Amino acid sequence: MKILKINSSVQSVDKSVTRQLVGKLISSISSTNDQIIDRDLTKGVSLITGELIGAFYTPSKDRTNAQNELLQESDQLINEIKESDVIVMGIPIYNFSVPGSVKAYIDLISRTGVTFSYNDQGVVTGLLEDKKVYIIVASGGTAFKSEVDFVSDYMKHMFSFWGITDVHFIDVTQQMTGENILEKANETIVSYSIEYTNMA
């Protein structure tokens, strides 16, 4: 099994709940034979430009060398998803939405004819399938699935847009309330670990 590990918190692992739980979940569901693909979005994700969009929509046979070079990062990020069986993603809620690096990542992944396609009637078909996704969402005060949570529904929609519908969330939001949020999250991780053990 190949697992794509995606972190987006600007905090170090000793301060970041999402980084800690991403690591714990992967340790719980993986075996020594599994391959982990490590993608830390805080180490740099390019923003889309007009030139890059032009390369997206240029047929491969007509692209210039410069356009092919521009597409290298996008191609690599998409290939990491294609090669993976499981995706584990940690997303802190920053100002009610995803970190900027996550939005940049989404923009580089979303390519017509590569990760999704339209038919003549404008119906979208996702081209990335047969993946299981776990998203760990953390916040200080924003409640999971509340009207001001612009992370969870957005991420579920984007993965569905790409053809991935087996998406699960681990709620680590409203940590400032003092409730035992981490304990509940750890219980969820244990349940996923048991699920994978039974599948083995």
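Scroll up to find the structure this text is about.
The sections below set out a description of the structure shown in this document. (Residues numbered from 1 in each chain as written. Predicted model: local features only at pLDDT ≥ 70, side-chain atom pairs only at ≥ 80, totals over all residues. Heavy atoms only, no water.)

This brings us to the environment of F169. Structurally, F169 can be placed in strand β7 (residues 166–172). Separated by 138 residues in sequence, F169 and S31 have C-alpha atoms that sit 22 Å apart. The residues contacting F169, other than those within four sequence positions of it, are I135, V137, F144, S152, K156 and Y192. (Helix = DSSP H or I, 4+ residues; strand = E, 2+ residues; numbered from the N terminus. Contact = heavy atoms within 4.5 Å.)

Moving on: the sheet that holds strand β3 (residues 86–92). Here we have 5 strands laid out as an open sheet, ordered β2-β1-β3-β6-β7, and parallel in their pairing. The open sheet has two edge strands with one neighbour each: β2 (35–40) and β7. Within the sheet, the average angular offset between the axes of one strand and its neighbour, ignoring direction, is 15 degrees. Sitting on the sheet, helix α1 (residues 17–29) is in contact with β1 (2–7), β2, β3, β6 (132–138) and β7, with an inclination near 165 degrees to β3. (Pairing = 2+ DSSP bridges. Axes fitted to C-alpha atoms, helices over the stretch in contact; angles between N-to-C directions.)

Once that is clear, we can look at helix α6 (residues 152–161). Within α6, burial applies to S152, M155, M158, F159 and F161. Phi for G163, located one or two positions after α6, is positive at around 100 degrees. (Buried < 20%, exposed > 50% of the residue type's maximum accessible area, 1.4 Å probe, protein only.)

In this structure the tally under the stated criterion is 5 aromatic pairs. Seen in terms of ring centroids, F116 and Y118 are 5.5 Å apart; in terms of plane orientation they differ by 85 degrees. Their pairing is edge-to-face. Judged by relative accessible area, which is 6%, F116 ranks as buried. Look at F144 and F169: their rings are 5.7 Å apart centre to centre, the planes differ by 55 degrees, and that puts the pair in the tilted class. (Phe/Tyr/Trp six-rings, centres within 6.5 Å; stacked < 30°, edge-to-face > 60°.)

What follows concerns the side chain of E80. Within the fold, E80 resides in helix α4 (residues 72–83). Ignoring any residue separated from it by four or fewer positions in sequence, one finds E80 in contact with L4, I37 and R39.

Where β6 meets β7, 7 bridges bridge the pair, whose relative direction is parallel. Each residue of the ladder has a partner; that of V137, found in β7, is D171. With α6 bridging β6 and the parallel β7, this β-α-β connection has right-handed handedness. (Right-handed = clockwise from strand over helix to strand, strands pointing away.)

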